[in-house]
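# Survey of secondary and tertiary structure
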Amino acid sequence: VYVPMFRNRLPEIPEAFDLADPSLVTGARATSTIVPQALMMLNHPFIREQSGMTAKRLLNEVPDETQRIERACRMILGRRPLEQEAEAMRSLLKDDRESGKNESGTTDELQAWTLLVQGLFASADFRSLD
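Let me sum up the structure you'll find in this document. Sequence order sets the numbering: in each chain, residues are counted from 1 along the sequence as written. Where local features are concerned, this predicted model is filtered to residues with pLDDT of at least 70; where side-chain atom pairs are given and counted, the filter is 80 or more; whole-chain, interface and lining totals use all residues. No hydrogens and no water enter the side-chain calculation; it runs on all heavy atoms of the structure.

A cluster of nonpolar side chains, Val35, Leu39 and Leu42, forms an exposed patch at the surface whose accessible area comes to about 270 Å². Here Val35 falls in the exposed class, since its relative accessible area comes to 57%. Patches were defined on residues exceeding 30% relative accessible area and lacking a salt bridge, with like-charge contacts within 9 Å and nonpolar side-chain contacts (Val, Leu, Ile, Met, Phe, Trp, Tyr) within 5 Å. The protein chains shown are the only cover counted for residues, whose accessible areas, like all others here, come from Shrake-Rupley with a 1.4 Å probe. When a carboxyl oxygen of Asp or Glu lies within 4 Å of a side-chain nitrogen of Lys or Arg, that pair is called a salt bridge. Each residue's exposure class comes from its accessible area (1.4 Å probe, protein chains only) as a fraction of the maximum for that residue type: buried when under 20%, exposed when over 50%, partly exposed otherwise.

Here the focus is the nonpolar core. As used in this record, nonpolar core signifies buried Ala, Val, Leu, Ile, Met, Phe, Trp, Tyr and Cys residues forming a set joined through side-chain atoms within 4.5 Å. Trp113 and Leu120 are the most contacted members of the largest nonpolar core, which has 20 residues in total. Looking at this core, the elements that each hand over two or more residues are helix H2 (35-43), helix H3 (45-61), helix H4 (65-76), helix H5 (83-99) and helix H6 (109-122). Secondary structure is summarised from DSSP: a helix means a run of H or I of at least four residues, a strand means a run of E of at least two, and numbering begins at the N terminus for each. A total of 7 residues in this core trace back to one element, the largest contributor, which is H6. Beyond its immediate stretch of four places on either side in the chain, Leu120 contacts Ala72, Cys73, Ile76, Leu77, Met89 and Phe126. Pairs of residues are marked as contacts when any of their non-hydrogen atoms sit within 4.5 Å.

This part is about the packing of H3 against H4. Packing of H3 against H4 brings their axes to within 10 Å, and their N-to-C directions diverge by 135°. Judged on the interaxial angle alone, H4 and H3 are oblique. Crossing of H3 against H4: the hand is right-handed. Seen from H3, the contacting residues are Thr54, Arg57, Leu58, Leu59 and Glu61; seen from H4, they are Arg68, Arg71, Ala72, Met75 and Ile76. Each residue belonging to the contact of H3 with H4 can be placed in one class, and the counts come to 5 nonpolar, 1 polar and 4 charged. Lines fitted to C-alpha atoms define the axes here, with helix axes fitted over just the stretch in contact, and angles between the N-to-C directions of these axes take values from 0 to 180 degrees. Should an angle fall under 35 degrees it is called roughly parallel, over 145 degrees roughly antiparallel, and 65 to 115 degrees roughly perpendicular, with every other angle called oblique. Take the far helix as your reference; a near helix turned counterclockwise from it by less than a right angle gives a left-handed crossing, and one turned clockwise gives a right-handed crossing. Three residue categories are used. Nonpolar comprises Ala, Val, Leu, Ile, Met, Phe, Trp, Tyr, Cys and Pro, charged comprises Asp, Glu, Lys and Arg, and polar comprises the others, including Gly.

This is the structure we're talking about:
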């Protein structure tokens, strides 16, 4: 993937992930996993938008919650969820459903799944290649 680089205006997402200085010849990039990376993955509008689109896709393509959790992990993390992870995701969805009721008394399933997907995007497993 190639992106045009303007030296006086670097893109913020790659910059958070150790973007090499485009003014210099760089043989190897520095690598780090730092808190601002996770915070950017939780708060950046582009990430929130992509989380919503991914959640919508999951809701449209997979009818069963358990299968949807597995599919989300396979799509985002490239692996099946551990049982502890799947249980934590089910608990998150349940808590969001119970606390996130709208005016009509129903929950916004898309919102719950968007938060779950966004959490997966912010995870160290997504940000790091093993």
